[in-house]
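Each chain, written out:
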Amino acid sequence: MLSFVRSIPEIVLGLMFLTVVGPGPFAATIAIIVHNASVLSKLIAELIEAADKGPQEAMKAVGSRALTGALFSVFPQIWPNVLSHYFYRFEVAIRTSLMLGLVGGGGNWSTAVCSF
């Protein structure tokens, strides 16, 4: 599902939401949110899969629960990359908001900021 949503460009999503909610920055904001959420979800899922299994096994060995183990073994490993991807997608959202202004989506900084 994430791959399907990621394959749709923001401008197409903007046009689809434009017909649903009408012209204005709300349609562009929803399009940016949907696209960025799908991209970030896919990237974070790949980071979790690539995380080192050693700390996870150590947390299981001491008897931690799954959520606690993930919080203290996986999260510290992926956090720098998650922040990097987040800031990159924020920059892409700003550029996209300017392009979506062509379809009546506002196209200003507030559209990108509201999408995060």
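Just above, that's the structure.
Each chain has its residues counted from 1, running along the sequence as written. Per-residue local features are limited, in this predicted model, to residues with pLDDT of at least 70; the limit for side-chain atom pairs, both in listing and counting, is 80 or more; totals at the level of whole chains, interfaces and linings are taken over all residues. With hydrogens and water stripped out, all remaining heavy atoms of the structure feed into the side-chain values.

**Student:** Can you break down a nonpolar patch on the surface residue by residue, with the values?
**Tutor:** Residues with no salt bridge and a relative accessible area higher than 30% make up the patches, which join like charges within 9 Å and nonpolar side chains (Val, Leu, Ile, Met, Phe, Trp, Tyr) within 5 Å. All accessible areas in this document rest on Shrake-Rupley with a 1.4 Å probe, and a residue is counted as covered only by the protein chains that are shown. We define a salt bridge as a contact between a side-chain nitrogen of Lys or Arg and a carboxyl oxygen of Asp or Glu at a distance within 4 Å. On the surface, Leu71, Phe72, Phe75, Trp79, Leu83, Tyr86 and Phe87 cluster together to form a nonpolar patch covering roughly 690 Å² of accessible area. Secondary structure follows DSSP: runs of H or I at least 4 residues long count as helices, runs of E at least 2 residues long count as strands, and numbering of each begins at the N terminus. Note on placement: Phe75 falls in helix α5 (residues 66-100).

**Student:** Pulling in residues and values, what's your account of the environment of Glu46?
**Tutor:** For Glu46, the location among the structural elements is in helix α3 (residues 25-50). As for Glu46 and Ile78, which are separated by 32 residues in sequence, their C-alpha atoms are 9.9 Å apart.

**Student:** Describe the nonpolar core, and please don't skip the residues or the numbers.
**Tutor:** Across soluble globular proteins, nonpolar side chains show a tendency to be buried alongside one another. Residue types Ala, Val, Leu, Ile, Met, Phe, Trp, Tyr and Cys, when buried and joined through side-chain atoms within 4.5 Å, form a set referred to as a nonpolar core. Per-residue accessibility, obtained with a 1.4 Å probe over protein chains only, is compared with the maximum for each type, and a residue is labelled buried under 20%, exposed over 50%, and partly exposed between these values. Ranked by size, the top nonpolar core spans six residues in total: Ile8, Leu13, Phe17, Ala27, Ile30 and Ala31. At the level of elements, α2 (10-21) and α3 are the ones that each hand at least two residues to this core. For this core, the element with the most residues is α3, which contributes three residues. Apart from the residues lying within four places of it in its own chain, the contact partners of Ile30 are Phe17 and Val21. In this structure, Leu47, Val74, Ile78 and Val82 belong to the second largest nonpolar core, which totals five residues. Contacts are residue-level and defined by heavy atoms, with any inter-residue pair within 4.5 Å sufficient.

**Student:** Which residues make up the packing of aromatic side chains, and what are the values?
**Tutor:** Within 6.5 Å between ring centres, the rings of Phe, Tyr and Trp (the latter by its six-membered ring) count as paired, and their orientation is classed by plane angle as stacked under 30 degrees, edge-to-face over 60, tilted in between. Within the structure shown, the criterion is met by two aromatic pairs. With centroids separated by 5.7 Å and ring planes inclined at 70°, the aromatic side chains of Tyr86 and Phe87 adopt a geometry described as edge-to-face. Given the relative accessible area of 32%, Tyr86 is considered partly exposed. Take Phe87: its relative accessible area is 52%, and that puts it in the exposed class.

**Student:** With reference to specific residues and values, describe helix α4 (residues 53-61).
**Tutor:** Helical geometry note: an α-helix holds 3.6 residues per turn, so side chains three or four residues apart project in the same direction. Capping the start of α4, Asp52 holds a side-chain oxygen 3.5 Å from the backbone nitrogen of Gly54, two or three residues further along. Among the residues trailing α4, Gly63 stands out with phi positive, at a value near 90°. By the criterion applied in these results, polar contacts are pairs of N or O atoms within 3.5 Å in which, for protein atoms, one can donate a hydrogen and the other can accept it, and in which residues neighboring in sequence qualify only through two side-chain atoms.

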